[in-house]
Amino acid sequence: MVESENIVAETAEKIFADLADAQTINHDKHGAWKAPLWQALTEAGLPLSWVPDDLGGSGASLAEGFSVLNVAGRHAIAVPLAETMLAGWLLTQGKITSPEGEMTVLPAGPKDRVTVGADGSLSGRARGVPFAKDAKHFAVLASDNGGISIALVDAAKCRIESGVGLGGDHNDTVTLDKVQPVTTKSAPKGFDQTTLMLMGGVVRSLQIAGALESMLDISVRYSNERVAFEKKISKFQAVQHNLARLAGESAAALAAATSAADTIASATSFDNDAVFLEAASAKIRCSEAAEKGSSIAHQVHGAIGFTIEHILHRYSLRALAWRDDFGSESYWAVELGKLVAERGADELWPLVASR
Amino acid sequence: MTAALRFDPIRLPEKCEQLRKEVRAFLAEEIAAGTFDPHAPNREDNDAPEFSRRVGAKGWLGMTWPKKYGGQERSFLERYVVTEEMRVANAPTRRFFVADRQSGPVLLKYAPEHIKMDILPRICRGEVCFAIGMSEPNSGSDLFAAKTRATKTDGGYLINGTKIWTSSAHIADYMIAIFRTSPPTKENRRHGLTQFLVKMKQPGIQVNPIGQITGQFEFNEVVFTDYFVPDDHVLGEVDGAWKQATSELAYERSGPERFLETYYVLTELVRAVGKNPDTRSAEGIGRLVAQVHTMRRMSVSVAGMLQAGKEPVVEASIVKDIGTVWEQQLPHRVRDLAAFVEETATNRETLEKQLDFAIKTAPKLTIQGGTTEVLRGIIARGLGLR
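Criteria and thresholds
- Residues numbered from 1 in each chain as written.
- Chains lettered and ligands numbered in written order.
- Predicted model: local features only at pLDDT ≥ 70, side-chain atom pairs only at ≥ 80, totals over all residues.
- Helix = DSSP H or I, 4+ residues; strand = E, 2+ residues; numbered from the N terminus.
- Rg over C-alpha atoms; globule rule 2.2 N^0.38 Å.
- Buried ≥ 20, exposed ≤ 12 C-beta atoms within 10 Å, placed from the backbone.
- Contact = placed C-beta atoms within 7 Å.
- Domains from an automatic or database assignment.
- UniProt positions renumbered as here; feature names shortened; annotations may be inferred.
- Pairing = 2+ DSSP bridges.
- Expected span 1.5 Å × (residues − 1).
- Nonpolar A, V, L, I, M, F, W, Y, C, P; charged D, E, K, R; others polar.

### Observations regarding the overall build of chain B
Counting its secondary structure elements, chain B contains 12 helices and eight strands. For chain B, whose C-alpha radius of gyration is 21 Å, the value lies close to the compact-globule estimate of 21 Å for 386 residues. C-alpha atoms of chain B, sized along the principal axes, occupy 70 × 55 × 40 Å. Going through the 386 residues of chain B one by one, you find that 52% of them count as buried. Long-range pairs, those at least 24 residues apart, make up 75% of the contacts in chain B between residues at least 6 apart in sequence.

In structure tokens:
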């Protein structure tokens, strides 16, 4: 992303550099860094970047917010910044004012459903909800007979089964049993769960791309420091070629994610093939890159990268964990494959070339 | 950051879409007229000089060059559209492709004015075919090991030696080649090679075709025996070809031809599985589409940076590395999925024929124009590892 052209991303970068240094965080067993970081992010208006002023946010553009997420990925940020941004964005679609504090969205996967009862209460179960345990409110997408609603829900009214994801962050199951929301509004026309999953997928894609940039960075640095067989391991051709492949995966993830973000930032609606191709492709390709890239980063680091003391796992495991949120790459590949088949062989190239 | 790789989300400008329509309409007419079969991927077998002239007449060759040399002064992004549409359609581009992509730009930069005025307009009209004389029997990736000599004589040079794996040499009118004018120095083993413009189809040049595993005879051995090249055919600095060879590589490495070479099998697979694919086919197709989309977005991004006057050497090498590996694996992935295609699929035979050809083509894709190993070395240097 282009930091110099984006003051919002620059602000985020500065906050992360000051308050979320990977070494410091990695050695802090009690999470004392979390509160000051969240406070600084909140003071800068970043968690509610995508919420306009009149709905309680800071009114940054979609493009600016996407840049922040790429930067957050580079720092493998373990507070619910992306989740709160996404929740604020979802509430804004329903013209609901965002509250202060940490939020997350549910459902966080394409198969889970929350439904609206006749009395306006919400019921359903959402699995794999990132940071549910840390959130004060949930932004919920719910369906009733033929309609889609967006609701703000008090987290304390839901049952939360705590879990820990691959990256070490909260990844919880949230059950709503006739929960009365704080507010419910109808979703705008054409907005549905697929829309939320596509947007969430692009958010995760940008974070994965950022984490891969950092994995490349620290792997290159390590290879230029570590000596084996009396020379720096960066001088071995096998290591060089592995790092070149990591650069390729990092580049592919960055290109796919920023292209999808750019598409959404300038689209008038999610309901078209171009957005679907871009967003689904980003999630698929970034997830594939997470697998290939993190395995190379670990290979370059050898045993030290497998230790809890080393920072590599902060990036590698989160990149792998993020693959599962808002539809895995397998899920999106099936959906994209179905769309391509439905349109027919002779429409495939025109679709690809339209981007 | 040690590695600040840039792949900005550059889009083709609106005017490209009008051009794309024109190219598609032109290609549809050519297909209807029987010039080529879009389902037959062995387009290299189809030498189509008349087609080349018609492409030239459209103004689609040398598009980015100055008008005084027959060019159109259009952007690299417009050229990109023409290139990708031709490639996806399996159009027979061999007559003009090398001249348009590579040889023309070298002449523009290094040839004397009278040669530019003579040859460039003919490239733009689609009248001349170029070959590139780089590899030799003992010099492939190690370009600077070239031994074919250019010995100074009155008014020019005498060439003796052999070039090999030279695509299209048997139909080419010209070759741009590097020859040894001096021995390498202790300090610089790259010293001593000079770039020349060579007129083909002359006494002193013997072209021997070499059969390929695809059954094609698309590359050649070219033997020079006391072949005379005049002084004004020297391109650039004598003994200094190594300074010139790298600057154009970004153009050569990142184009659509670097990931679309076997694309046709994906189109045909989609046709074969029909409207309601099973889960396995849908997932396989979805992944391949996501991958080709990403490759293209990377490639367009590099084209946009080139248009903006930047030199994204590492990014271009990354595009060729992962693009050629992808297009090499593509027929195998499509074969995996094709195993489940119904016997009744009407294009089954076409798909099988295409797969057969693509699988045979695949090995060359990571060798030609800079091997994967060389590219990864360049990327590693860009990362600060060398």
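### Notes on the domain arrangement of chain B
The parts lose accessible area when they come together, and the size of an interface is often stated as this lost area. All names here are of chain B. Under the domain assignment used here, chain B contains domain 1 (14-128), domain 2 (132-241) and domain 3 (249-382). If you average the C-alpha positions of domain 1 and of domain 3, the two centres end up 22 Å apart. The interface of domain 1 with domain 3 comprises 15 residues on the first partner and 17 residues on the second. Those elements giving two or more residues to the side of domain 1 that touches domain 3 turn out to be α3 (76-88) and α4 (94-110).

### Comments concerning the UniProt feature "domain: Acyl-CoA oxidase/dehydrogenase middle" (unreviewed entry) in chain B
Following the UniProt record, one finds the feature "domain: Acyl-CoA oxidase/dehydrogenase middle" (unreviewed entry) at residues 131-225 of chain B. For the annotated span residues 131-225 of chain B, helix accounts for 0% and strand for 49% of the residues, and the straight-line distance between the end C-alpha atoms is 18 Å.

### Side note on the environment of B:Asp100
Residues and elements named next belong to chain B. Along the polypeptide, Asp100 turns up in helix α4. Asp100 gets classed as buried once you count the C-beta atoms within 10 Å, which come to 27. Sequence-distant contacts of Asp100, that is, excluding residues within four places in its chain, are made with Leu61, Gly62 and Ile123.

### Re the pairing of strand β1 (residues 130-133) of chain B
Residues and elements named next belong to chain B. In β1, alternate side chains face the same way, and those of Phe130 and Ile132 on one face and Ala131 and Gly133 on the other are all buried. In this structure, β1 lies alongside strand β4 (residues 174-180), joined through four bridges in parallel fashion. Across the sheet, residue Gly133 finds its bridge partner in β4, namely Ala177.

### Points about helix α5 (residues 81-93) of chain A
Note on helix geometry: an α-helix contains 3.6 residues per turn, so any two residues three or four positions apart are oriented the same way. All names here are of chain A. The end-to-end C-alpha distance of α5 is 19 Å, a good match for the 18 Å that 13 residues give at a rise of 1.5 Å each. Of all 13 residues in α5, 12 are buried; the element is thus mostly enclosed. Looking only at α5, the buried set comprises Leu81, Ala82, Glu83, Thr84, Met85, Leu86, Ala87, Gly88, Trp89, Leu90, Leu91 and Thr92. Positioned one or two residues after α5, Lys95 has a phi angle of 55°, which is positive.

### Brief notes about the interface of chain B and chain A
At the interface, 46 residues of chain B touch 43 residues of chain A. Counting only elements with at least two residues in the side of chain B that touches chain A, the list comes to α3, α8 (264-273), α9 (279-307), α10 (313-338) and α12 (372-382) of chain B. In terms of residues, the side of chain B that touches chain A owes the most to one element, α9(B), which gives 18 residues. Of the residues assigned to the side of chain B that touches chain A, the class counts are 21 nonpolar, 14 polar and 11 charged.

### Digging into the domain arrangement of chain A
Its domain assignment divides chain A into domain 1 (1-77), domain 2 (101-188) and domain 3 (193-353). The C-alpha centroid of domain 2 of chain A is placed 24 Å from the C-alpha centroid of domain 1 of chain A.

### Quick look at unusual backbone geometry
Across the chain, the bulk of peptide bonds are trans and the bulk of non-glycine residues have phi less than zero. Geometrically, the link from A:Leu106 to A:Pro107 is a cis peptide bond, its omega value of 0° lying close to zero. Mapped onto the fold, A:Pro107 is located in the loop between β1 (103-106) and β2 (114-116). For A:Glu230, which is not a glycine, the phi torsion comes out positive at approximately 70°. Topologically, A:Glu230 is positioned in the loop between β9 (227-228) and β10 (231-232). Residue B:Asp239 is not a glycine yet carries a positive backbone phi of 70°. Structurally, B:Asp239 is set in the loop between β8 (234-235) and α6 (241-245).

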